[in-house]
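If you want the building blocks of each chain, they are given just below.
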Amino acid sequence: MNRKVIPAIKARRSSVSRVGINTTVLTLQAKDAITGSALGAGLSGGFWVTTDGITEGPKITITTIPGGYLNLSFNPDCLYSVGPQMWKGGLDESALYFAGNSTQYLILYIYSELYNNITLPAGEDYWTGQLINISGNVRDDCSYIAGATTSFKVLQGAIEFIPSPDPAIDLANGTYRSSWDSTGAPLGWYNISMNSSKSYYNSSFIIKENAFYLGAKPELANPSVTPKQEGWGYNFSFNVSFRDVEGDENNVTLWKAYSPEGPWYYVDSKLVTSSVW
């Protein structure tokens, strides 16, 4: 005659990281429902762990060891979502015993890590006063992650600027975006930092060095022509003030047209270097 099995609970809560090879031991002890004595080794059974907090994953088959213990070294993969999962276990029906499962689900917490990647800027040059778009993505060990709290900072030495909005916009596909108004900011190379956090994840913080260069736009001012009006064949002198506060060499070109709509014709050009008017 088959007898009933009582799986006894040995642990109520467990936790494990999904990153790499990490395990937590899920344990039940099978006992005879009539005598209360522990069963022996070699009885087949299994464990079930939810994949999304609700839906049971596939049965993980295991057999008892001496003392009637069902011990599972559980190493979750990408089938199992991060966060609280539920698990239960029990024995299969045999010639001597009816099948029996634990009477309640137990709690298992699965953890992972966030990995940040700054995608923009990517070493570009910008003029001071431009609105600079900043974006990055967040992954874990399995996929892109939405719902993280992500903040960017624009860095130059000890100076920090906070882009807007902060936290960054979550595009719900693992991508996060902010922008920074560079008006009035010092010239030179800038780094960008990215910090992300989410429940059940180890946070991620990275710095992208030399993410972009902020320069000054070359300036032209006070254009003039001497004389303003004269007959055909007369030599006219064209002048314009120039400066590049960074001291770079620039090509200044004169074009002419016979109407504001063009077409425009090349006249001459010069390579000029000046950081002052």
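Scroll up to find the structure this text is about.
Throughout what follows, the structure given in this document is the object of discussion. What you see is a predicted model, and the numbers here were worked out from it, not measured in a lab. Along each chain, residue indices are assigned from 1 in the same order as the chain's sequence is written. Predicted model: local features are reported for residues with pLDDT of at least 70 only, side-chain atom pairs are reported and counted for 80 or more only, and whole-chain, interface and lining totals are derived from all residues. As a rule here, side-chain values come from all non-hydrogen atoms in the structure, and water together with hydrogens is ignored.

Turning next to the sheet that holds strand 17 (residues 188–197). Here five strands make up an open sheet; going across it, the order is 11-19-17-13-14 and the pairing mixed. Of all the strands in the sheet, just strand 11 (124–127) and strand 14 (159–161) have a single pairing partner and so form its edges. Geometrically, the sheet is characterised by an average inter-axis angle of 35 degrees between neighbouring strands, direction not taken into account. Relative to strand 14, strand 13 (residues 149–156) runs antiparallel, the two sharing three bridges. Bridging across to strand 14, Gln156 finds its partner in Ile159. Should DSSP find at least two bridges between two strands, the strands are taken to pair. Numbered from the N terminus, helices here are DSSP runs of H or I no shorter than four residues, and strands are runs of E no shorter than two. Fitting a line to C-alpha atoms yields each axis, with helices limited to the stretch in contact; the angle taken between N-to-C directions then spans 0 to 180 degrees.

Turning our eyes to something else, we now look at the layout of surface pockets. As defined here, a cavity is a set of points on a 1 Å grid over the protein atoms alone where a 1.4 Å probe fits but cannot get out. A pocket is an open set with protein on both sides within 12 Å along at least five of seven lines, and residues line them when an atom is within 4 Å of a point. Grid points are joined across faces, edges and corners, and a volume is the space filled by probe spheres set on the points. Counted as a void, the largest pocket has a volume near 460 Å³. As for the largest pocket, its lining consists of 15 residues, and the residues nearest its centre are Phe238, Asn239, Val240, Val252 and Leu254. Gly counts as polar in this scheme, as do all residues outside two lists: the nonpolar Ala, Val, Leu, Ile, Met, Phe, Trp, Tyr, Cys and Pro, and the charged Asp, Glu, Lys and Arg. Looking at the lining of the largest pocket residue by residue, the classes come out as nine nonpolar, four polar and two charged. Taken as a whole, the second largest pocket holds about 270 Å³ of empty space. For the second largest pocket, the full set of lining residues is Glu230, Gly231, Trp232, Gly233, Tyr234, Asn235, Phe236, Lys256, Ala257 and Tyr258. A breakdown of the residues in the lining of the second largest pocket according to their chemical character gives five nonpolar, three polar and two charged.

A cluster of nonpolar side chains, contributed by Tyr234, Phe236 and Phe238, occupies part of the molecular surface with about 320 Å² of accessible area. For Phe236, the position within the fold is in the loop between strand 20 (219–226) and strand 21 (237–243). In this scheme, patches are assembled from residues that exceed 30% relative accessible area and form no salt bridge. Like charges are connected within 9 Å, while nonpolar side chains (Val, Leu, Ile, Met, Phe, Trp, Tyr) are connected within 5 Å. Where accessible areas are quoted, they stem from the Shrake-Rupley method and a 1.4 Å probe; at the residue level, only the protein chains shown are allowed to cover. For salt bridges, the criterion is a side-chain nitrogen of Lys or Arg within 4 Å of an Asp or Glu carboxyl oxygen.

The full count for this structure, using the stated rule, is six salt bridges. A salt bridge links Asp140 to Arg18; the nearest nitrogen and oxygen atoms lie 2.7 Å apart. Taken as a pair, Asp140 in the loop between strand 12 (131–139) and strand 13 and Arg18 in the loop between strand 2 (13–17) and strand 3 (24–32) lie far apart in primary sequence, 122 residues in all. Burial status follows relative accessibility: with a 1.4 Å probe on protein chains alone, a residue under 20% of its type maximum counts as buried, one over 50% as exposed, and anything between as partly exposed. A relative accessible area of 6% means that Arg18 is categorised as buried. With its nearest N and O atoms 2.9 Å apart, the salt bridge here joins Asp141 to Arg18.

Before going further, it helps to examine the side chain of Arg18. Separated by 2.9 Å, the side chains of Arg18 and Asp141 make a polar contact. The contact rule is simple, with two residues in contact once any of their heavy atoms fall within 4.5 Å. In this structure Arg18 touches Pro76, Asp77, Cys78, Tyr80, Ser81, Val82, Ile110, Tyr111, Ser112, Asp140, Asp141 and Cys142, once residues within four positions along its chain are discounted. Whenever a nitrogen or oxygen atom comes within 3.5 Å of another N or O atom, the pair is scored as a polar contact, on the condition that within protein one atom can donate a hydrogen and the other can accept it, and that pairs from neighbouring residues in sequence are kept only if both atoms are in side chains.

Between Ser164 and Pro165 the backbone carries a cis peptide bond, its omega angle lying at -5 degrees. Structurally, Pro165 can be placed in strand 15 (residues 164–170). With an omega of 0 degrees, the peptide bond between Asp166 and Pro167 qualifies as cis. Relative to the assigned elements, Pro167 resides in strand 15. For Ala172, which is not a glycine, the phi torsion comes out positive at approximately 65 degrees. Relative to the helices and strands, Ala172 resides in the loop between strand 15 and strand 16 (175–181). A relative accessible area of 60% means that Ala172 is categorised as exposed. Within the chain, Asn222 stands out as a residue other than glycine whose phi angle is a positive 55 degrees. Along the polypeptide, Asn222 turns up in strand 20.

Shape descriptors only; they carry no functional weight alone.
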